[in-house]
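This is what each chain is made of:
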There are 2 protein chains.
Amino acid sequence: MSEDIKNEEVVEEVEVTEEAVEETSETPEKSDLDLANERAEEFENKYLRAHAEMQNIQRRANEERQTLQRYRSQDLAKKILPSLDNLERALAVEGLTDDVKKGIEMVQESLIQALKEEGIEEVPVENFDHNLHMAVQTLPADDEHPADSIAQVFQKGYKLHERLLRPAMVVVYN
Amino acid sequence: MSEDIKNEEVVEEVEVTEEAVEETSETPEKSDLDLANERAEEFENKYLRAHAEMQNIQRRANEERQTLQRYRSQDLAKKILPSLDNLERALAVEGLTDDVKKGIEMVQESLIQALKEEGIEEVPVENFDHNLHMAVQTLPADDEHPADSIAQVFQKGYKLHERLLRPAMVVVYN
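Residues numbered from 1 in each chain as written. Chains lettered and ligands numbered in written order. Predicted model: local features only at pLDDT ≥ 70, side-chain atom pairs only at ≥ 80, totals over all residues. Heavy atoms only, no water.

- An unreviewed UniProt entry annotates chain A as Protein GrpE originating from Streptococcus henryi.
- Taken directly from UniProt, the Sequence similarities (unreviewed entry) text for chain A runs: "Belongs to the GrpE family."
- According to UniProt, the comment filed for chain A under the heading Subunit (unreviewed entry) is "Homodimer." (UniProt positions renumbered as here; feature names shortened; annotations may be inferred.)

### Considering the nonpolar core
1) Next: With 40 residues, the main nonpolar core has L76 and I80 of chain A together with L76 and I80 of chain B as its most contacted residues.
2) Next: Sorting the residues of this core by element identifies helix 3 (74-92), helix 4 (98-117) and strand 4 (158-160) of chain A together with helix 3 (74-92), helix 4 (98-117) and strand 4 (158-160) of chain B as the ones contributing at least two each.
3) Next: Dropping the residues within four chain positions of it, L76 of chain A is found in contact with S73, L76, A77, I80, A114, L115, E118 and I120 of chain B.
4) Next: The next biggest cluster of nonpolar side chains, apart from the first, holds 6 residues, and it includes F43 of chain A together with F43, Y47 and A50 of chain B. (Core = buried A, V, L, I, M, F, W, Y, C linked by side-chain atoms within 4.5 Å. Buried < 20%, exposed > 50% of the residue type's maximum accessible area, 1.4 Å probe, protein only. Helix = DSSP H or I, 4+ residues; strand = E, 2+ residues; numbered from the N terminus. Contact = heavy atoms within 4.5 Å.)

### Let's talk about the packing of aromatic side chains
Two aromatic rings, taken as a pair, are described by how far apart their centres are and by the angle between their planes.
1) Next: According to the stated counting rule, one finds 2 aromatic pairs over all chains in the structure shown.
2) Next: Between F43 of chain A and Y47 of chain B, the ring centres sit 6.3 Å apart and the planes meet at 40°, which makes this aromatic pair tilted. Placement of the pair is F43 of chain A in helix 2 (residues 32-70) and Y47 of chain B in helix 2 (residues 32-70), with the two residues belonging to separate chains. The same class applies to F43 of chain A as to Y47 of chain B, namely buried.
3) Next: When the ring centre of Y71 of chain A is taken as origin, the NZ or CZ atom of R163 of chain A, which lies over that ring, is 3.5 Å away. (Phe/Tyr/Trp six-rings, centres within 6.5 Å; stacked < 30°, edge-to-face > 60°. Lys NZ or Arg CZ within 6 Å of the ring centre and 35° of its normal.)

### Thoughts on the interface of chain A and chain B
The figure often quoted for interface size is the accessible area lost as the parts come together.
1) Next: Taken together, the contact pairs 45 residues of chain A with 41 residues of chain B.
2) Next: For the pair chain A and chain B, the summed buried area comes to about 4300 Å², and 69% of that belongs to carbon and sulfur atoms.
3) Next: For the pair chain A and chain B, the interface holds 10 salt bridges.
4) Next: One can count 10 residue pairs in polar contact (both at pLDDT 80 or more) joining chain A with chain B.
5) Next: For the side of chain A that touches chain B, the class distribution of residues is 24 nonpolar, 8 polar and 13 charged. (Buried area = accessible area lost by both parts, 1.4 Å probe. Salt bridge = Lys/Arg side-chain N within 4 Å of Asp/Glu carboxyl O. Polar contact = N/O pair within 3.5 Å; in protein donor to acceptor, adjacent residues only side chain to side chain. Nonpolar A, V, L, I, M, F, W, Y, C, P; charged D, E, K, R; others polar.)

### Re the sheet that holds strand 6 (residues 168-173) of chain A
Residue and element names in this part refer to chain A.
1) Next: Spatial ordering of the open sheet is given by 2-6-3, a layout of 3 strands whose pairing is mixed. If you trace the sheet from one side to the other, it starts and ends with strand 2 (133-139) and strand 3 (150-155), each paired once. For this sheet, the mean inter-axis angle between neighbouring strands, taken without regard to orientation, is 30°.
2) Next: Bridge count between strand 2 and strand 6: 6 bridges; the pairing is parallel. Residue pairing for strand 6: L139 is matched across the bridge by Y173. (Pairing = 2+ DSSP bridges. Axes fitted to C-alpha atoms, helices over the stretch in contact; angles between N-to-C directions.)

### Some remarks on the packing of helix 3 of chain A against helix 4 of chain A
All names here are of chain A.
1) Next: At a closest axis distance of 10 Å, the pairing of helix 3 and helix 4 adopts a crossing angle of 155°. When the interaxial angle is binned, helix 3 and helix 4 end up roughly antiparallel. Between helix 3 and helix 4 lies a crossing of left-handed hand. In this structure, helix 3 uses A77, I80, L81, S83, L84, L87, E88, A90 and L91 to contact helix 4, whose residues at the interface are K101, I104, E105, V107, Q108, L111, I112 and L115.
2) Next: Split by residue class, the contact of helix 3 with helix 4 holds 12 nonpolar, 2 polar and 3 charged. (Parallel < 35°, antiparallel > 145°, perpendicular 65-115°, else oblique. Left-handed = near helix turned anticlockwise from the far one by under 90°.)

### Some thoughts on a nonpolar patch on the surface
1) Next: Together, M134, V136 and F154 of chain A line one region of the surface with nonpolar side chains, adding up to about 280 Å² of accessible area.
2) Next: Within the secondary structure layout, F154 of chain A lies in strand 3. (Patch = residues over 30% accessible without salt bridge, like charges linked within 9 Å, V, L, I, M, F, W, Y side chains within 5 Å. Areas by Shrake-Rupley, 256 points an atom, 1.4 Å probe, with all protein chains shown as cover.)

### So, empty space enclosed by the protein
Over the atoms a probe the size of a water molecule is rolled, and this reveals where empty space is left.
1) Next: Evaluated as defined, the whole model comprises 2 cavities of 30 Å³ or more.
2) Next: One number sums up the size of the largest cavity: a volume of about 60 Å³.
3) Next: Lining the largest cavity we find A61, E64, R65 and L68 of chain A together with A61, E64, R65 and L68 of chain B.
4) Next: Looking at the lining of the largest cavity, the elements that each hand over two or more residues are helix 2 of chain A together with helix 2 of chain B. (1 Å grid on protein atoms, 1.4 Å probe; cavity = no way out; pocket = protein on both sides within 12 Å on 5 of 7 lines; lining within 4 Å. Points joined across faces, edges and corners; volume = space filled by probe spheres on them.)

### Focus on the sheet that holds strand 6 (residues 168-173) of chain B
Residue and element names in this part refer to chain B.
1) Next: With mixed pairing, 3 strands are arranged side by side in an open sheet as 2-6-3. With partners counted over all chains shown, the strands left at the sheet margins are strand 2 (133-139) and strand 3 (150-155), one partner each. Averaged over all pairs of adjacent strands, the angle between strand axes in this sheet comes to 30°, irrespective of strand direction.

### Points about the relation of the copies chain A and chain B
1) Next: Of the transformation superimposing chain A on chain B, the axial component is 0.1 Å and the angular component is 180°, with the fit at an RMSD of 0.4 Å. Look at the turn and shift together and you get a two-fold axis relating the two.
2) Next: Both copies contact each other with a shared surface, as 91% of the interface residues of chain A are interface residues in chain B too. (Least-squares fit on C-alpha atoms with pLDDT ≥ 70 in both.)

Here's what the structure looks like:
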């Protein structure tokens, strides 16, 4: 019996440190065995919850890592787009010598290639799509130019994988 | 002494129950209370281990996320450096009109600015540092040109924060 009392004290201490609100478990009806079983069950549940949570944390961390990887170039790419615009404008200047033109085209191509390797590409401009395009002007549609066809691209749009970096600025028939 | 032996057996048994081999755990020496206490202790330990592991996983995931964020622009930046080289070469061409020159400079500045905002900057070239520079040629040092001073930069080097993206190609006195 003195052995039992000793055990009960031990049990009590453990539970008190756990949640510090264990007084109710000391109702006189409960035997030491009951208490020990309760304690075992409590820790089994805690263990199972911790284990499940651990797997959740790991899964979320993996997903987050993949997303970060997939869109890692987004910020730099966005900031580079104006340079690409400027290169296009430079190429449109009248009276460039062949050497200069070739030089600018080389820079342009190497930039486009660098962006492409990181998943950044021009937005297609076949037909107007409000998810990809911004209509800065409209023209009346006619037989030759059906509604939603694109008349002109003012500024190219770009996307990183399926994520839009900026919409294309277009003139659209409607 | 009999107490010691008992304790030793307890340790053994816990390990056996670990793996769903329950037959052996019913040796007659043990009371139900002993078994329940063992089970409680086993799950408490499992819980504590799982909890500690959870915190480790979380900590590692955070560190990894920070590193990914910090160096996220590394790949795209590396691929853009040749475009910057080409722009410099283009600017060195003789007989550029002011308009063309201004246009190229604008592209160059906007690229440098974009890179800078992402933490990418030119490697300094005050004195030769084998961590930052690659000596492609050497010249004999003299009174005016002490050893390790840099005579010429063939190609600029760049770093992302403290991480070298590519070394500067230099001519060094030695």
